[in-house]
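Analysis of the macromolecular model
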Amino acid sequence: MTKKTNDVAAVTEASKKDSFDRVLAKPLPYGSDNTLDKLNIRRPMSGELRGVKLIQLSEMDTNVLFTLLPRITSPAITEAHVQQLDPIDAVMIMQDISINFFST
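Conventions we followed
- Residues numbered from 1 in each chain as written.
- Predicted model: local features only at pLDDT ≥ 70, side-chain atom pairs only at ≥ 80, totals over all residues.
- Heavy atoms only, no water.
- Salt bridge = Lys/Arg side-chain N within 4 Å of Asp/Glu carboxyl O.
- Helix = DSSP H or I, 4+ residues; strand = E, 2+ residues; numbered from the N terminus.
- Buried < 20%, exposed > 50% of the residue type's maximum accessible area, 1.4 Å probe, protein only.
- Pairing = 2+ DSSP bridges.
- Contact = heavy atoms within 4.5 Å.
- Axes fitted to C-alpha atoms, helices over the stretch in contact; angles between N-to-C directions.
- Core = buried A, V, L, I, M, F, W, Y, C linked by side-chain atoms within 4.5 Å.
- Polar contact = N/O pair within 3.5 Å; in protein donor to acceptor, adjacent residues only side chain to side chain.

Quick look at the pattern of salt bridges now. Inspection of the entire model under this criterion finds 3 salt bridges. Among the salt bridges present, the one from aspartate 21 reaches lysine 38, with a minimum N-O distance of 3.9 Å. On the criterion of sequence distance, the pair formed by aspartate 21 in strand 1 (residues 19–30) and lysine 38 in strand 2 (residues 34–42) is long-range, its members being 17 residues apart. On the basis of relative accessibility, which here comes to 45%, the residue aspartate 21 falls in the partly exposed class.

Okay, here's the thing in structure tokens:
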């Protein structure tokens, strides 16, 4: 590799995040009397992408969220929680995942 190629690779690796926090516009009910107002979303491992077509994520297909978010969020949420997300939160999360984990 050339020096320039190494520099680009280093910058690309440095810009990738392991996780990010998303403050929800509309908190999710969580448990009997709690709500979630923030989710930590971590970079998925290859196995967690099983059954997910990344092109669907880039096309903003919300069906991807039903599969992927329960695998990569903290605190852990279920598909039922994902279905209760405000549309603004769903769009912002999809954008965040694309930008933080899959862009170069």
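Turning to the sheet that holds strand 1, a few remarks are in order. Strands pair in a sheet through their backbones, by hydrogen bonds, and they do so in one of two ways: parallel or antiparallel. Pairing is antiparallel across the open sheet formed by 3 strands, whose spatial order is 1-2-3. With one partner strand each, in any of the chains shown, strand 1 and strand 3 (73–74) form the two edges of the open sheet. Relative to strand 2, strand 1 runs antiparallel, the two sharing 8 bridges. Opposite proline 29, over in strand 2, you have threonine 35 as the bridge partner. Sheet contacts for helix 5 (residues 87–102): strand 1 and strand 2; angle to strand 1, the most-contacted strand, approximately 165 degrees.

Here we take up the nonpolar core. Ranked by size, the top nonpolar core spans 22 residues in total, and within it Leu39, Ile41, Leu65, Leu69, Leu85, Ile93 and Ile97 carry the most contacts. With residues up to four places along the chain from it excluded, the contact list for leucine 39 reads Phe20, Asp21, Arg22, Leu24, Thr73, Ser74, Pro75, Ile77 and Ile93.

Right, let's get into the side chain of threonine 73. Assignment of secondary structure puts threonine 73 in strand 3. Using a relative accessible area of 10% as the deciding quantity, one classes threonine 73 as buried. Looking at threonine 73, its side chain comes within polar contact range of the main-chain oxygen of leucine 69, at 3.0 Å. At 3.4 Å, the side chain of threonine 73 and the backbone nitrogen of isoleucine 77 are in polar contact. Not counting the four nearest positions on each side in its chain, threonine 73 is found in contact with Leu39, Asn40 and Ile41.

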